[in-house]
Amino acid sequence: MLEMTVNEFRSSLKQSVEMAIHDHEVIRVTRKNAPSFVVISNEDWEREQETLRILENKSLMNQITTSLQTHITHTGYQPTREQMDEISGI
């Protein structure tokens, strides 16, 4: 995470916004005697929000946990050769 003062951010606004959007750089902007704020691209913000929605969904997290356990123990669904050929032929 890049950190800069509000004055630095103000003087480099265009470049800072471009870094956030194109380089996916998260920028913390500090202010004297005031709370700081963060600049993040909309794409990164939406990705973070989707991650939070998944983590908050207990049913989905249980499915992921079960799937991981069956994958590790090799006890999950095993597709047939024909199914694998169909999948890999896409």
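To be clear, the structure that these remarks concern was listed above.
Everything numeric here is computed off the predicted structure, so don't read it as measured data. (Residues numbered from 1 in each chain as written. Predicted model: local features only at pLDDT ≥ 70, side-chain atom pairs only at ≥ 80, totals over all residues. Heavy atoms only, no water.)

*Asks:* What is the right way to read the overall build of the protein chain from this model?
*Replies:* Scanning the protein chain for helices and strands turns up 5 helices and 3 strands. Listing each helix as α and each strand as β along the protein chain from the N terminus yields β-α-α-β-β-α-α-α. At 22 Å, the protein chain has a C-alpha radius of gyration far larger than the 12 Å of a compact globule built from 90 residues. Each principal axis of the C-alpha atoms in the protein chain carries an extent, and together these give about 60 × 30 × 20 Å. Burial analysis of the protein chain (90 residues in total) assigns 11% to the buried set. At a minimum sequence separation of 6, the contacts of the protein chain that also span at least 24 residues come to 32%. (Helix = DSSP H or I, 4+ residues; strand = E, 2+ residues; numbered from the N terminus. Rg over C-alpha atoms; globule rule 2.2 N^0.38 Å. Buried < 20%, exposed > 50% of the residue type's maximum accessible area, 1.4 Å probe, protein only. Contact = heavy atoms within 4.5 Å.)

*Asks:* Before we go on, may I ask you to explain the environment of Arg10 in this structure?
*Replies:* Within the secondary structure, Arg10 is located in helix H1 (residues 6-11). At 2.8 Å, the side chain of Arg10 forms a polar contact with the side chain of Asn7. (Polar contact = N/O pair within 3.5 Å; in protein donor to acceptor, adjacent residues only side chain to side chain.)

*Asks:* When you look at the nonpolar core in this model, what are you seeing that I'm missing?
*Replies:* Taken as a class, soluble globular proteins show a tendency for nonpolar side chains to be buried jointly. Judged by nonpolar contacts, Met4, Phe9, Ala20, Ile27, Val29 and Val39 together constitute the single largest core of 6 residues. Once you skip the residues sitting within four places of it in the chain, Ala20 turns out to touch Glu25, Ile27, Val39, Ser41 and Asp44. (Core = buried A, V, L, I, M, F, W, Y, C linked by side-chain atoms within 4.5 Å.)

*Asks:* Is there a simple way to think about the pattern of salt bridges in this case?
*Replies:* When the charged atoms of two side chains with opposite charge come close together, those side chains can pair. Counted by the stated rule, this structure contains 4 salt bridges. Between Arg53 and Glu50 there is a salt bridge, and its shortest N-O distance comes to 3.0 Å. Taken together, the residues Arg53 and Glu50, both in helix H3 (residues 42-56) and 3 residues apart, mark about one turn of the helix. Residue Arg53 is classed as partly exposed on the basis of its relative accessible area of 46%. One salt-bridge network, in which partners are shared between bridges, spans Glu43, Asp44 and Arg47. (Salt bridge = Lys/Arg side-chain N within 4 Å of Asp/Glu carboxyl O.)

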